[in-house]
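# Geometric and topological summary
So the chains spell out like this:
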Amino acid sequence: MSLMQTLRIGRLARPLEDLLRVPDHAFGYPLLRPEGLTEEAQEALLGLCPSGAFFREGRTFGLDLARCVGCGRCALARPEAVGEMKRLEVAVTRKEDLVQRVDLERGTFLDPGPPPPPRPELALPTLAFREVSAGDTGLADSEVALAGNPFNDMGRFGFSVVASPRHADALLVTGPVSRNMAEALRRTYEAVPEPKGVVAVGNEAISGGVFAGSPEVVGGVDRVVPVDVYVPGDPPRPGAILFGLLLLAGRVRQRLVGGVLR
Amino acid sequence: MDAVKEALREGRPVALFPDGEGVVLVAEVGRDVRVFRFGEGRRFPSLAAEFPAMDWWERALWERGYTPEGHPDPKPLRRHDLPYAFREFKELHEVPVGPVHAGIIEPGHFRFSVLGERIVNLEIRLGYQHRGLLALLPGKGPEAALLLVERAGSEPLAHALAFAQAWEEALGRKAPPRAQALRRAALELERAFGHLGHLAGLFTDIGYAYGATQVGRIRALLQGELDRLTGHRYGRNFLRVGGVWREGRPDLSALALYREELARLLPRLLKHPQVLDRMRYVGVVRRVEAEALGFVGPTARASGVARDLRQDDPAYLSFQPVVRQGGDVLARAQVYAEETLQALDYALHFLTHLPEGPLAQDLPPGDGEAMARVEAGRGEVFWFVRVAGGEVALAEGVDPSFKNWRALELAVRGEGLPDFPLCNKSFDLSYAGNDL
Ligand code: SF4
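A brief structural summary. From a predicted model like this one, the values you see are computed outputs, not experimental measurements.

### Here we look at the interface of chain B and chain A
- With 49 residues of chain B in contact, the opposing surface of chain A contributes 53 residues.
- Regarding the contact of chain B and chain A, the summed buried area is about 3,900 Å², with carbon and sulfur atoms giving 58% of it.
- Three residues, I104(B), R131(B) and Y234(B), lead the burial of chain B against chain A; their summed loss comes to 18% of the area buried on that side.
- Seen at the junction of chain B and chain A, the total is six salt bridges.
- The salt bridge partner of R151(B) is E204(A), with a shortest N-O separation of 3.3 Å.
- Elements with a minimum of two residues in the side of chain B that touches chain A: α3 (133-136), α4 (142-149) and α7 (209-230) of chain B.
- If you tally residues by element for the side of chain B that touches chain A, the top one is α7(B), at twelve residues.
- Looking at the side of chain B that touches chain A residue by residue, the classes come out as 21 nonpolar, 16 polar and twelve charged.

### Some remarks on the sheet that holds strand β1 (residues 12-18) of chain B
Residue and element names in this part refer to chain B.
- The antiparallel open sheet is built from three strands, whose spatial order is β1-β2-β3. If you trace the sheet from one side to the other, it starts and ends with β1 and β3 (32-38), each paired once. Recorded for the sheet is a direction-independent mean angle of 20° between the axes of neighbouring strands.
- Two strands pair when backbone bridges link them, and strand β2 (residues 23-29) and β3 are joined in this way by seven bridges, in the antiparallel orientation. By the bridge assignment, V26 is partnered in β3 with V35.
- Running over the sheet, helix α1 (residues 2-10) touches β1, β2 and β3 and is turned about 40° from β2.

### Examining the site of the ligand
- Around the ligand, the structure places 14 residues, and the nearest of them are C49(A), C68(A), C71(A), G72(A) and C74(A).
- For the shell around the ligand, a count of residues per class yields eleven nonpolar, three polar and no charged.

### Notes on the packing of helix α8 (residues 252-270) of chain B against helix α12 (residues 329-352) of chain B
All names here are of chain B.
- With their axes 10 Å apart at the nearest point, α8 and α12 run at an angle of 165° to one another. If you check the angle between α8 and α12, you find them roughly antiparallel. For the crossing formed where α8 meets α12, the hand is left-handed. Two secondary-structure elements touch here, α8 through L252, L255, A256, R259, L262, A263, L266 and L270 and α12 through L330, A333, Q334, A337, T340, L341, L344, D345, L348, L351 and T352.

### Points about the side chain of Q311(B)
- Within the secondary structure layout, Q311(B) lies in the loop between α11 (297-301) and α12.
- Using a relative accessible area of 18% as the deciding quantity, one classes Q311(B) as buried.

### With respect to the pairing of strand β9 (residues 170-174) of chain A
Residue and element names in this part refer to chain A.
- The buried fraction of β9 is high, at five of five residues.
- Covered by surrounding structure in β9 are A170, L172 and T174 together with L171 and V173, the residues of both alternating faces.
- Relative to β9, strand β7 (residues 127-133) is paired through five bridges, and the arrangement is parallel. Residue V132 lies in a different strand from β9, and its bridge partner there is V173.
- Pairing of β9 with strand β10 (residues 197-201), which is carried by five bridges, proceeds in the parallel orientation. Note that in β10 the partner of L172 across the bridge is V199.
- Once the chain exits β9 it traverses helix α6 (residues 179-191) before rejoining the sheet at β10, and the crossover so formed is right-handed.

### Structural notes on the pattern of salt bridges
All names here are of chain B.
- Following the criterion strictly, the structure yields 68 salt bridges over all chains and no others.
- Among the salt bridges present, the one from E380 reaches R12, with a minimum N-O distance of 2.7 Å. Taken together, the residues E380 in strand β12 (residues 379-388) and R12 in strand β1 connect sequence positions 368 residues apart. Both residues of the pair, E380 and R12, belong to the buried class.
- Between D345 and R259 there is a salt bridge, with its nearest N and O atoms 2.5 Å apart. Of this pair, D345 sits in helix α12 while R259 sits in helix α8, placing them 86 residues apart in sequence.
- Bridged by salt links that share partners, the residues R12, E28, R31, R307, D312, R373, E380 and K403 form one connected network.

About the thresholds
- Residues numbered from 1 in each chain as written.
- Chains lettered and ligands numbered in written order.
- Predicted model: local features only at pLDDT ≥ 70, side-chain atom pairs only at ≥ 80, totals over all residues.
- Heavy atoms only, no water.
- Contact = heavy atoms within 4.5 Å.
- Buried area = accessible area lost by both parts, 1.4 Å probe.
- Salt bridge = Lys/Arg side-chain N within 4 Å of Asp/Glu carboxyl O.
- Helix = DSSP H or I, 4+ residues; strand = E, 2+ residues; numbered from the N terminus.
- Nonpolar A, V, L, I, M, F, W, Y, C, P; charged D, E, K, R; others polar.
- Pairing = 2+ DSSP bridges.
- Axes fitted to C-alpha atoms, helices over the stretch in contact; angles between N-to-C directions.
- Near = heavy atom within 4 Å.
- Parallel < 35°, antiparallel > 145°, perpendicular 65-115°, else oblique.
- Left-handed = near helix turned anticlockwise from the far one by under 90°.
- Buried < 20%, exposed > 50% of the residue type's maximum accessible area, 1.4 Å probe, protein only.
- Right-handed = clockwise from strand over helix to strand, strands pointing away.

Right under this line is the structure:
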């Protein structure tokens, strides 16, 4: 690469702070507003969400961010009951932290307590990733690739994507894991030397997304190999993926706890 | 059967799907669409021996429990629980590759039979991305169905558009004019974004980092405009049955600027000696092959087939498809480059001539059936939908990649093994789209 070109790329790279913001024109991640969750609003939300992200269990009303496809219809129709989080610091180390639960009697969010810390053995100055597409439509894969482009430039954090699992410290896995890919995923995981991590990228990789329940998919990466970090999104923007990688490496603190940025 | 054979001899298959008793063949002859229903129960006469374009279609039906009587080589296409016999060539060395590849790419398995470094035969086995999408559709309302349809290939806007149009036509409705213009603008941005991705990938594969970076930079900026228009970086959640959900504001002067920059940049990049040396005369698909196997989209147009579904759309004024004769990697790259500029011109045209009026009309739950086709970046997207009481009773979709995968088998014949990634990238097909 010529010096001239390196200089040009250097000018393109955006500060991390900018990458972690959802742009103004796009809808962020939805955030329940406990005070606006009247009986009527709950019914409306349960009826209007195309992906079935809202749920009600007894006296709890909830929203599963890993099911939300980010269409923004809930906040548009029911602004009193749903707001939005315009940040991409949404990666978590346990799945429960992707679910907002509101205790309807008390009108407050349930707090599942502090999340488990990232694994210290992966706190390395550089991390090499092998990407495995396991039933993804190609868009989450594309976002992983774009996380390496000159604007996002994951290389500046010491992250790189490598060809062989034997050269990798961790796997990035996308897709609901089709039945036909389960064995290949397991074997790729086994080929990665210890210590190794796994990042599930995108809603489908977390629990199947819109394919959950299909007999042709396993329904989430953690049903095949252990997962360290979950990055919700449909697909997650490159900034969200970068935050997930930083979380895996223990360089940032998890911000989403019980589905709410804290 | 004579009429079916004549249609296939003169035209090409658009879709073949089971519908209760028998199968339905949709074929394009000239610019017309013909529909044939044949077979008895779950058996139908195979056409694959005479028309190789029918091979994968019939295999797909075979694994769904239909019998193409007389098919020369029935084996599964997506199911991996059924036995699969690769063709064996005595005296040749076999190189199995995949399903997990070296790059960031969807999974598939390629079995090369090589003599030294020359590829004598390639057999492609897919199905790793099979998620049972079509089977999930029946019983869904329009919104839940669209979630699945948007995941039927890596071009969500084209799929959503074909599906929405089929649904609207089934109920005898049309989206309002403003929605129609916005839909087409988004479709053209999706095409430009996809094409630039193919080009950046090609430059990467030949080690032309300057080309890859420059194209990648403009592509990333363009994606920002698609994001602005649709609210999603790939245009999901934008279309609805009856219109569009929202109307974003892309920056028109920025779009015009990217177009100008690309118009200066692309011809220069494609004439670079490194590009000519690696892409010319490599991975050739001849016109007779493209016609006999029913290829669509840039793959077919780079081999001299002047067909683009936008020719039939009055909104596109007097549309001229981009055609090249070479059929090699370079010809496909040239088609991508020129179609990118054309797509941006149309996107700008639609966005500057937006008709007034609402963004959507609500469709009453009704009954009916219809099919629709849309020219996606990779070629023809097809959806058939039968609506009953506002829900899907039967839906069948075809991604252009399904029609084009075998072009890769032809293109690599006689090439060196190291040219495979380049040939593959020149088609840049969707694996998930094939594996519905
Ligand atoms: S943004 Fe859309 S998908 Fe997400 S919770 Fe709201 S309505 Fe459901």
